[in-house]
Amino acid sequence: MRMLHRLLQPPGRRACGEPWRVHPAKFAGVRRAPSRGAPSGPPRSLPRAPSISFCPLPRAPSIPPCSLRGCAVPPCPPAGAGVRTAYWVGRWHVRRPARPAPCRVPRPFRSAPSGGAPSCPALPPAQSTASRWPSGTASMARRSLFSPGAVDGVREGRRPAHGELLRMTTSGVSSVLAARLATRAAPDPLWRHTELILTVGGGDLIQLSIGDPDLPTPAHILEAARVALQPGLVRYTHWQGLPELRAAIADALARDVGVRYAADEVVVTAGAEQALFVALLALVDPGDEVLFADPYFHALPRLVHIAGGVWKPVPTHEAEGFLLRPEAVERHVGPRTKVLVVVSPANPTGAVLPRDVVDGLADVARRHDLLVITDEVYARILYDGARHYSIAALPEMRSRTVLVGGFSKTYSMTGFRLGYLAAPADVIAGLHSLKEPMDICASAVAQRAGLAALTGPHDFLPAYLATYDTRRRVLMAGLDGMGISYARPAGGFFLLANIAPLGLGSVAFAQRVLAEARVVVFPGVMASTRDGYVRLSWLQPEDRLREGLARLGAFVERLRHEPAREPGASQPMPPAQ
Ligand SMILES: Cc1ncc(COP(=O)(O)O)c(C=O)c1O
């Protein structure tokens, strides 16, 4: 059985699964720098490059220009411009001959195996190199910003010396970064969407898109943060977080979720999103497949992609309440499938997995030896009598599960950036080398506020839940009135409204409703490989929500009277200006 801890070797020299041992002088073009008698270090004309470790990974594929009609991605510059490389490796001076310049034009993000939209058919799959990457324990170093393909002169299979560096090219470091980011963290459509909203801006915009609770952070939490702002308290904490906060999180998990962790089995993070990121970096080796429900939390594909994994969306359907069916998961399990991410209650669908479904998913995980990340940030935001069941609480699941939780949603603490993960102790030991270099520790002030949140009064919560529930019903009634279908959400802050019959893709819909009705909705295609939905949230005061629905209703009515379009026709996001 694949237990989590076996995947995590102790910190140290584990970046590529084996030590770097080949001397740089073995590589063509390397000559020794003058040592005795001559001035040491690089000549004045050639600046010494920073010493940055990286692993010998394949070059980024050169990417053809996009041939999609109307695609805003500019073509690559003509090949042959030539890149000359010269750099220092410790005392070794490396020269590389000119070679054709790879395309440095950032390409749109594309990594859905099934071709996520918005997509550009000319692009090779972003993960095409993944299977050629060295296998072994997931590691930080090979995920350096400067790893595969960013460093000129690093050929497949060659192992550079420890401390080898970022190349200095005639085209400059920034182009290296651009090329690196083009394959690793390419511009994503959500960013463009956000830019667009900011551009349109204005006080009368009604936000029905984001998951940022508008109800105030309870006063005792703010007071704890204020008290924490004093000398001696605003210092680094243990990398895992304050012991008393970890103990409080462990108690809360035992009480609310039914899984018992020791305080040392908890790591406090900068939001649940960082917890997800750390968990994926820890568990996913390049080429490993990660399964999750589609529609999905929009950050998941990018987090998996950055971790070097391949994300495999498992379709869920409106008619089934967007429940992640164990049979569907099982159909998607392949030889490289390693991790199942379970999000319940779910963003963007509001689906809450019932006990039998969670049981079924656990069964699939056990039988196929899958590791599980369970994202439970909405565990306490439930409606219609729904109950939350944590997969970690089921027999034999604790040892193969990383549980992710947060403070943002329950306590209206999004800006504090506070979350956590909980996992068996030997897994936590392996996480040190991933989490600690990221941020040393979560904010000490936020941690003290989080401690107050968990240990303080919770009498505000029923009132908050009642308010959210009222708004949820207002939203559902508004959509009913417009004749727009949706799956009834049982948890969280969102639902997906089915706009496919209106004949406009979700991006075009979102853009037009923004421009024409000044209502912000979230294009479903940014959280799914399929189009036809927009995500709506109910995190506005009721009067604003009603006003937003009235505007949305008028817009939908106008759409219905427009000349017929091809149903579900999608449009690509416009380029950012
Ligand atoms: C499912 C899910 N997980 C994680 C997060 C991130 O939450 P946090 O603010 O704690 O980083 C969100 C935020 O919307 C979310 O919807």
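Just so you know, these numbers come straight off a predicted model, no measurement behind them. (Residues numbered from 1 in each chain as written. Predicted model: local features only at pLDDT ≥ 70, side-chain atom pairs only at ≥ 80, totals over all residues. Heavy atoms only, no water.)

Asks: Describe the site of the ligand, naming the residues involved and giving the relevant values.
Replies: Contacts to the ligand come from G271, A272, E273, F297, V343, N347, D375, V377, Y378, S408, K409 and R417. In the environment of the ligand, an oxygen atom lies 3.0 Å from a nitrogen or oxygen atom belonging to the backbone of E273. Take D375: an N or O atom from its side chain is 2.5 Å from a nitrogen atom of the ligand. Surface burial for the ligand is 92%, taken as the share of its 400 Å² of free accessible area covered by protein chains. Broken down by element, the residue count for the shell around the ligand peaks at three residues, all from helix α6 (residues 271-283). For the shell around the ligand, the class distribution of residues is five nonpolar, three polar and four charged. (Near = heavy atom within 4 Å. Polar contact = N/O pair within 3.5 Å; in protein donor to acceptor, adjacent residues only side chain to side chain. Areas by Shrake-Rupley, 256 points an atom, 1.4 Å probe, with all protein chains shown as cover. Helix = DSSP H or I, 4+ residues; strand = E, 2+ residues; numbered from the N terminus. Nonpolar A, V, L, I, M, F, W, Y, C, P; charged D, E, K, R; others polar.)

Asks: An account of the sheet that holds strand β15 (residues 522-523) is requested, with residue identities and associated values reported.
Replies: Taken together, four strands build an open sheet; the order of strands is β12-β13-β16-β15 and the sheet is antiparallel. Of all the strands in the sheet, just β12 (485-486) and β15 have a single pairing partner and so form its edges. Both β12 and strand β13 (residues 494-498) contribute to a ladder of two bridges, which runs antiparallel. The residue bridging S485 from the neighbouring strand is N498, located in β13. Packing of helix α12 (residues 460-482) onto the sheet brings it into contact with β12, β13 and β16 (533-537), and relative to β13 it is tilted by some 0°. (Pairing = 2+ DSSP bridges. Contact = heavy atoms within 4.5 Å. Axes fitted to C-alpha atoms, helices over the stretch in contact; angles between N-to-C directions.)

Asks: Can you tell me about helix α11 (residues 444-455), naming the residues and giving the values?
Replies: Between its terminal C-alpha atoms α11 stretches 17 Å, which fits the 16 Å expected from twelve residues at 1.5 Å a residue. Counting buried positions along α11 yields ten of twelve residues, so the element is predominantly enclosed. For α11, the full list of buried residues reads A444, V445, A446, Q447, A449, G450, L451, A452, A453 and L454. On its buried face, α11 sits against α4 (219-228), α5 (243-257) and β5 (266-269). (Expected span 1.5 Å × (residues − 1). Buried < 20%, exposed > 50% of the residue type's maximum accessible area, 1.4 Å probe, protein only.)

Asks: Describe the packing of aromatic side chains, and please don't skip the residues or the numbers.
Replies: Following the criterion strictly, the structure yields 13 aromatic pairs and no others. Considering the side-chain rings of Y378 and F493, the 5.8 Å spacing of their centres and the 85° angle between planes classify their relative orientation as edge-to-face. Of the two residues, Y378 is situated in the loop between β9 (371-375) and β10 (401-406) and F493 in the loop between β12 and β13; the sequence distance between them amounts to 115 residues. Each member of the pair, Y378 together with F493, is buried. Summarising the aromatic geometry, the rings of F509 and F555 are spaced 5.3 Å apart at their centres and angled 80° between planes, so their arrangement reads as edge-to-face. With a gap of 46 residues between them, F509 in helix α13 (residues 506-517) and F555 in helix α14 (residues 542-560) connect regions that are remote in the sequence. Taken individually, F509 and F555 each receive the classification buried, so the pair is uniform in this respect. Taken together, the aromatic side chains of F407, Y411, Y420, F460 and Y464 make up a single cluster linked through ring pairs. Over the face of the ring belonging to F494 we find R535, whose NZ or CZ atom lies 3.9 Å from the ring centre. Directly above the aromatic system of F522 lies the positively charged group of R535, at a separation of 4.1 Å from the ring centroid. (Phe/Tyr/Trp six-rings, centres within 6.5 Å; stacked < 30°, edge-to-face > 60°. Lys NZ or Arg CZ within 6 Å of the ring centre and 35° of its normal.)

Asks: Can you lay out the packing of α4 against α11 for me, pointing to particular residues and giving the numbers?
Replies: Here α4 crosses α11 at 145°, and the two axes come no closer than 8 Å. Two packed elements cross with a definite hand, and for α4 against α11 that hand is right-handed. Seen from α4, the contacting residues are H220, I221, A224, A225 and A228; seen from α11, they are V445, R448, A449, A452 and A453. Residues that form the contact of α4 with α11 fall into these classes: eight nonpolar, one polar and one charged. (Left-handed = near helix turned anticlockwise from the far one by under 90°.)

Asks: Give a detailed account of the sheet that holds β10, specifying residues and quantitative values.
Replies: Taken together, the seven strands give an open sheet; going across it, the order is β5-β11-β10-β9-β8-β6-β7, and neighbouring strands pair in mixed fashion. Two strands close off the open sheet at either side, each with one partner strand: β5 and β7 (310-315). Across the sheet, the axes of successive neighbouring strands diverge by a mean angle of 20°, strand direction being ignored. Bridge count between β9 and β10: four bridges; the pairing is parallel. Across the sheet, residue I373 finds its bridge partner in β10, namely V402. Most of the contacts of helix α10 (residues 425-439) go to β5, to which it runs at about 20°, and overall it touches β5 and β11 (419-422).

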